[in-house]
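Spelled out from the first residue to the last, the chains are:
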Amino acid sequence: MPDDPTKVPGVPPAPVGMRSPFEHPARLTPAPVSARTPLDQFYGTITPSDLHFVLTRTGIPAIDPGRYRLLIHGMVDQPTSFSLDDLKRFPSVSRIMFLECNGNTADAWKGAKPDSTVQQLEGLTGTSEWTGVPVATLFKEVGIDSGAAWALAEGSDAGALARSIPVEKLLSDGLVAYGQNGEALRPEQGYPARLLLPGWIGNTNIKWLRRLKLGDQPFMTRYETAQYTFSEPDGKSAQFAFVLEAKSAIIRPSGGMTIPEPGFWEVTGLAWSGRGRITRVEVSADGGQTWGEAELQEPVLPICHTRFRFPWVWDGSEAVLQSRATDETGYVQPARSQLVAARGTDFGGLFNGIIGWQVAADGKVTYVES
Ligand SMILES: Nc1nc2c(c(=O)[nH]1)N[C@H]1C(S)=C(S)[C@@H](COP(=O)(O)O)O[C@H]1N2
Ligand SMILES: [Mo]
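Residues numbered from 1 in each chain as written. Chains lettered and ligands numbered in written order. Predicted model: local features only at pLDDT ≥ 70, side-chain atom pairs only at ≥ 80, totals over all residues. Heavy atoms only, no water.

(A) Main features of the overall build of the chain. From N to C terminus, the chain includes six helices and 24 strands. When the backbone C-alpha atoms are referred to their principal axes, the chain occupies close to 70 × 70 × 35 Å. Residue burial in the chain is summarised as follows: out of 370 residues, 49% are buried. With the model as given, the accessible surface of the chain reaches about 16700 Å², and the carbon-plus-sulfur share is 52%. (Helix = DSSP H or I, 4+ residues; strand = E, 2+ residues; numbered from the N terminus. Buried < 20%, exposed > 50% of the residue type's maximum accessible area, 1.4 Å probe, protein only. Areas by Shrake-Rupley, 256 points an atom, 1.4 Å probe, with all protein chains shown as cover.)

(B) The arrangement of the site of ligand 1 in detail. In the vicinity of ligand 1, 21 residues are found, and the nearest of them are Phe 53, Arg 57, Asp 157, Arg 194 and Lys 207. Gln 189 is positioned with one of its side-chain polar atoms (N or O) 3.2 Å from an oxygen atom of ligand 1. Between ligand 1 and Asn 205, the relevant distance is 3.1 Å, taken from a nitrogen atom to a main-chain nitrogen or oxygen of the residue. The protein chains hide 100% of the 530 Å² of surface that ligand 1 would expose on its own. Residues of the shell around ligand 1, tallied by class, amount to nine nonpolar, seven polar and five charged. (Near = heavy atom within 4 Å. Polar contact = N/O pair within 3.5 Å; in protein donor to acceptor, adjacent residues only side chain to side chain. Nonpolar A, V, L, I, M, F, W, Y, C, P; charged D, E, K, R; others polar.)

(C) The side chain of Arg 336, seen in detail. For Arg 336, the position within the fold is in helix α6 (residues 336–343). Residue classification places Arg 336 among the buried positions, given a relative accessible area of 11%. A polar contact is formed between the side chain of Arg 336 and the backbone oxygen of Ala 108, at a distance of 2.7 Å. Every residue in contact with Arg 336, bar those within four places of it in the chain, is listed here: Ala 108, Trp 109, Lys 110, Gly 111, Thr 345, Phe 351, Ile 354, Glu 369 and Ser 370. (Contact = heavy atoms within 4.5 Å.)

(D) The arrangement of the packing of aromatic side chains in detail. In this structure the tally under the stated criterion is ten aromatic pairs. Their ring planes at 25° and their centres at 5.6 Å tell us that Phe 230 and Phe 347 sit as a pair that is stacked. Note that Phe 230 is positioned in strand β14 (residues 230–231) and Phe 347 in the loop between α6 and β23 (356–359), a separation of 117 residues in sequence. When its relative accessible area of 2% is taken as the criterion, Phe 230 is described as buried. Among the aromatic residues, ring-to-ring pairing joins Trp 109, Phe 230, Phe 347 and Phe 351 into one connected group. The side chain of Arg 222 reaches across the aromatic face of Tyr 223, ending 4.9 Å from its centre. A cation sits over an aromatic face here: Arg 324 above Trp 291, 4.1 Å from the ring centre. (Phe/Tyr/Trp six-rings, centres within 6.5 Å; stacked < 30°, edge-to-face > 60°. Lys NZ or Arg CZ within 6 Å of the ring centre and 35° of its normal.)

(E) Representation of the sheet that holds strand β3 (residues 54–55) within the structure. Here we have three strands laid out as an open sheet, ordered β1-β2-β3, and antiparallel in their pairing. The open sheet has two edge strands with one neighbour each: β1 (28–31) and β3. Relative to strand β2 (residues 34–36), β1 runs antiparallel, the two sharing two bridges. Looking at the pairing, Leu 28 lines up with Arg 36 of β2. (Pairing = 2+ DSSP bridges.)

(F) Spatial organisation of the pattern of salt bridges. Evaluation of the coordinates by the stated rule reveals 17 salt bridges. The residue Arg 186 makes a salt bridge to Glu 183 at a minimum N-O spacing of 2.8 Å. Glu 183 sits in the partly exposed class, given a relative accessible area of 35%. Between Glu 282 and Arg 280 there is a salt bridge, and its shortest N-O distance comes to 3.6 Å. If you follow the salt bridges from partner to partner, you end up with Arg 280, Glu 282, Glu 293 and Arg 324 in one network. (Salt bridge = Lys/Arg side-chain N within 4 Å of Asp/Glu carboxyl O.)

(G) Local environment of unusual backbone geometry. A cis amide bond links Arg 252 with the next residue in sequence, Pro 253, at an omega value of 0°. Of the consecutive residues Glu 298 and Pro 299, the connecting peptide bond is found in the cis state with omega at -5°. Looking at the secondary structure, you find Pro 299 in the loop between β20 (295–296) and β21 (306–314). Within the chain, Leu 350 stands out as a residue other than glycine whose phi angle is a positive 60°. As for its placement among the helices and strands, Leu 350 is situated in the loop between α6 and β23.

(H) Representation of the environment of Ala 108 within the structure. Take Ala 108: it is sitting in helix α2 (residues 107–110). As for Ala 108 and Gly 353, which are separated by 245 residues in sequence, their C-alpha atoms are 8.3 Å apart. Setting aside residues up to four positions removed in sequence, Ala 108 forms contacts with Leu 121, Arg 336, Phe 351, Tyr 367 and Glu 369.

(I) Focus on helix α4 (residues 135–142). All of the buried residues along α4 are Val 135, Leu 138, Phe 139 and Val 142. Buried residues along α4 cover an arc of 100° about the axis, so they all sit on one side. Positive phi appears at Gly 143, one or two residues downstream of α4, with a value of about 70°. (Arc of directions from axis to C-beta.)

(J) Broad picture of the domain arrangement of the chain. Domain parsing of the chain yields domain 1 (54–238) and domain 2 (247–368). The centre of domain 1, based on its C-alpha atoms, is set 28 Å off from the matching centre of domain 2. Summing both sides of the interface, domain 1 and domain 2 together bury roughly 2700 Å²; the carbon and sulfur share of this comes to 63%. Broken down residue by residue, the surface that domain 1 buries against domain 2 is led by Phe 98, Trp 109 and Val 118, which jointly contribute 29%. Here domain 1 and domain 2 share three salt bridges between them. The salt bridge partner of Asp 346 is Lys 110, with a shortest N-O separation of 2.4 Å. (Domains from an automatic or database assignment. Buried area = accessible area lost by both parts, 1.4 Å probe.)

Now the structure itself:
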């Protein structure tokens with residue numbers, strides 16, 4: 001590094017750019033099935049593609065785009081196998097939306113550790129601009145039977161992950177995406193094409209999508225019995241729980257950080273809802289006794305991470321920071337106690353309760369149940 005960059009010529013640009021050697025954002029990979037978005041290490045709302053969380057049950061398959069096919073069959077007039085080029089010939093759409101694994105924040109059901117970071121607790125979510133062809137366009141092309149109510153969506157990974165999806169959802173806003181933030185999908189995100197179901201649990205967004213089979217009832221795959229069912233307190237299981245309810249998290253300051261001194265600190269975080277736009281985020285610095293209105297960063301898009309900001313002056317005494325999101329349906333993010341009262345602590349997934357960050361007098365920030 002030169003002492004004075006104005007005294008030496010700079011280097012020319014390379015064909016592919018790189019981060020500053022001073023920046024090292026990184027995903028956490030605690031288990032071979034997942035990588036967690038470092039929410040605390042970027043700004044704004046778009047997750048850099050190489051930092052997007054990954055959830056893959058049986059690894060990341062290597063797929064030659066020249067050999068890729070998407071088969072649409074079952075209760076259709078014209079069973080059709082589409083190549084990637086075929087998919088790209090249809091009119092395309094782009095939409096910015098979040099994805100979230102239903103397992104995100106699952107630790108909070110039973111009591112997350114005080115040293116939990118926001119990446120550990122909330123990192124199974126990301127937002128990208130996705131580009132592809134609406135499933136409705138493809139269904140029109142093959143002609144689906146009037147009795148077709150469900151479709152089996154299957155991936156071409158080693159475990160061939162498959163889920164039953166209501167045709168109604170696929171027709172309303174399902175997307176077969178091949179683009180992510182302006183480039184081809186990353187292999188980890190489903191290259192060369194994946195299904196996107198805005199607002200529905202990550203698991204239904206089948207990556208490396210190889211077929212959609214239409215039928216008149218759900219297909220009852222292994223994944224919707226052995227996994228992705230949720231245990232109710234009465235001993236029954238909720239199957240086909242699809243929509244992600246409104247949620248938010250304060251990202252700065254958050255677990256593991258230390259606030260160096262009292263004074264002005266901007267509290268910022270993300271809020272999102274599978275049901276539409278975020279309309280309001282409130283922030284509390286006293287463990288939920290009083291709340292103030294956070295500012296929402298425009299544009300506020302439906303089913304998208306929404307950045308919120310709240311000016312805060314820390315007086316140096318103990319504080320508990322919390323955020324509470326409301327979406328356009330009027331739904332308000334619940335307290336953890338409300339969720340536990342309704343679902344017990346063995347529900348396993350879909351935790352969207354308010355979480356707390358405790359700021360100690362020495363500025364150290366830790367997770368606290370709220
Ligand atoms: N074929 C296939 N699709 C899949 C998965 C998988 O393991 N195989 N994982 C699912 C799960 S559990 C989630 S949360 C999302 C995550 O999408 P991402 O890895 O692009 O973030 O992909 C879903 N689609
Ligand atoms: Mo997931």
